[in-house]
Amino acid sequence: MADGVTAPHRTVYVTHRAPVHQEVSRAACPAELELVMLVSPSNPEIIDAVAGAEFLVSERSRVIDASIIEAGTGLRLVQRLGLQVHDIDLDAARRARIPVCRWPLPQCAMVAEHVVMQLMTLLKRTRAAERIVTEASTEWGPPQRCDADTFLIDWSRMSGVRQLRDCTVGIVGLGEIGTELALRLGPFGCELLYHRRNRMPDRAEKQMQIAYAGLDDLLGRSDAVVLLLPHSADTARIADDRFLNLLRPGSLLINAGASALLDEEAVARAYRSGHLGGVATDGFSWEPVRPDNPLVALAADPRANVVLTPHSAQAGLVIDTAVRRAEYTNLLAVLEGNPLQHQVA
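No experiment lies behind these values; they were computed from the predicted model shown.

Basis of the calculations
Residues numbered from 1 in each chain as written. Predicted model: local features only at pLDDT ≥ 70, side-chain atom pairs only at ≥ 80, totals over all residues. Heavy atoms only, no water. Salt bridge = Lys/Arg side-chain N within 4 Å of Asp/Glu carboxyl O. Core = buried A, V, L, I, M, F, W, Y, C linked by side-chain atoms within 4.5 Å. Buried < 20%, exposed > 50% of the residue type's maximum accessible area, 1.4 Å probe, protein only. Helix = DSSP H or I, 4+ residues; strand = E, 2+ residues; numbered from the N terminus. Contact = heavy atoms within 4.5 Å. Pairing = 2+ DSSP bridges. Right-handed = clockwise from strand over helix to strand, strands pointing away. Axes fitted to C-alpha atoms, helices over the stretch in contact; angles between N-to-C directions. Parallel < 35°, antiparallel > 145°, perpendicular 65-115°, else oblique. Left-handed = near helix turned anticlockwise from the far one by under 90°. Nonpolar A, V, L, I, M, F, W, Y, C, P; charged D, E, K, R; others polar.

Chemist: An account of the pattern of salt bridges is needed here, citing residue identities and associated values.
Modeler: All told, the structure shown has 19 salt bridges when counted by the stated rule. Residues joined by salt bridges that share partners form a network here, namely Arg 17, Glu 59, Arg 324 and Glu 327.

Following this line, the structure appears as structure tokens:
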């Protein structure tokens, strides 16, 4: 469960992630730190490990409660990788005079930006708009030179274009990517709903301006549903006929979570029937995408409100040692007497 490297400053690193991610974190760890990695530990295991530790780094595998804070009498910093700190007892940390920081993850921010692009592309029907511009046609009348007095607003008379303001967006799977997404959509004036296994405390919902909903309720109330779930036996092909039938007619479905979340045949049927107003996905059940994928057939029509991207939401941002080394910045800042970044307590 725990392992370490001989070095002076004991650092307890709590994670639930797969071994490949653990190895990158170990490789990125500065030589100044003695890394003790705990994988999905119990509270007693963390309490035992923080005795004598200077730093506690958490990837959200456990709640960091008062018992852990109080056991870490030598702690100089608690750091959460990501933005969600609602399950860290900040009051206990303040009483113990232990600073708490969060560390934004660039890969999560990048995927959240991709979702905003997917959502806006569907709302504004940009694929259909591009077709109108690029396909020469006389149906719109003769061209006129534009100047300050001559311009033809909406000369193509596009229909179905919607605004993001006042749009209800339901996020299924509010982890770190969902948190980054909520922070971006809130300023647009969206109503934000979320569903996850464990509801956040009221203070966290209020701070994020987001409301919890049961899954069926969320599907029926949302203008756009965003899937950000990880892959598991429970989530595979979650967007099936039953799921889709619960969606509001004309709503938009966006997937930037695990590749296998969509029942692609069912989604294609729902779009062809008009029940879905648009579909965007960054993941597919087979990758690279098979040519017989029904969503590919839909997207072949440039008028279709279907946006497909090749699992590129994170693009070239490889989570290597160079990227993960930055996650230790605050720990080194404590040792060097430099200011902390992203401090919350």
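Chemist: Pulling in residues and values, what's your account of the nonpolar core?
Modeler: With 31 residues, the main nonpolar core has Leu 119, Val 169, Ile 171, Leu 181, Leu 185 and Ile 210 as its most contacted residues. Counting only elements with at least two residues in this core, the list comes to helix H5 (106-123), strand S6 (168-172), helix H7 (176-185), strand S7 (191-195), helix H8 (202-208), strand S9 (224-227) and strand S10 (251-255). Per-element accounting of this core gives the leading share, seven residues, to H5. Beyond its immediate stretch of four places on either side in the chain, Leu 185 contacts Val 116, Leu 119, Leu 164, Val 169, Cys 190 and Leu 192. Membership of the second largest hydrophobic core comes to 29 residues, among which are Ala 213, Ala 239, Ala 258 and Leu 295.

Chemist: Outline the pairing of strand S4 (residues 77-81), listing residues and values.
Modeler: Burial analysis of S4 places five of its five residues in the buried class, the great majority of the element. What you see with S4 is no split at all: Leu 77, Gln 79 and Leu 81 on one side and Val 78 and Arg 80 on the other are buried throughout. In this sheet, S4 lies alongside strand S3 (residues 55-58) in parallel orientation, the contact comprising four bridges. Along S4, the bridge assignment pairs Phe 55 with Leu 77. Bridge analysis of S4 against strand S5 (residues 100-103) gives four bridges, and the strand direction is parallel. From the neighbouring strand, Leu 81 faces S5, where its bridge partner is Trp 103. A crossover links S4 with its parallel partner S5, the connecting element being helix H4 (residues 90-95), and its sense is right-handed.

Chemist: Lay out the sheet that holds strand S1 (residues 9-15) with the relevant residues and their values.
Modeler: Here five strands make up an open sheet; going across it, the order is S2-S1-S3-S4-S5 and the pairing parallel. Where the open sheet ends on each side, the last strands, each with one partner, are strand S2 (33-39) and S5. Pairs of neighbouring strands in the sheet enclose a mean axial angle of 20 degrees, with direction left out of account. Along the sheet, helix H2 (residues 43-50) contacts S1, S2 and S3; its crossing angle with S1, the most-contacted strand, is approximately 165 degrees. Where helix H14 (residues 329-336) meets the sheet, it contacts S1, S2, S3, S4 and S5, and its direction lies at approximately 165 degrees from that of S4.

Chemist: Residues and numbers for the packing of H5 against H7, please.
Modeler: Where H5 contacts H7, the two axes come as close as 8 Å, and the packing angle between them is 55 degrees. Judged by the inter-axis angle, H5 sits oblique to H7. Helix-helix and strand crossings are classified by hand; for H5 and H7 the assignment is right-handed. Facing Cys 108, Ala 109, Val 111, Ala 112, Glu 113, Val 115, Val 116 and Leu 119 of H5, the residues of H7 in contact are Glu 176, Ile 177, Glu 180, Leu 181, Arg 184 and Leu 185. Each residue belonging to the contact of H5 with H7 can be placed in one class, and the counts come to ten nonpolar, no polar and four charged.

Everything listed here is a matter of geometry and, on its own, says nothing about what the molecule does.
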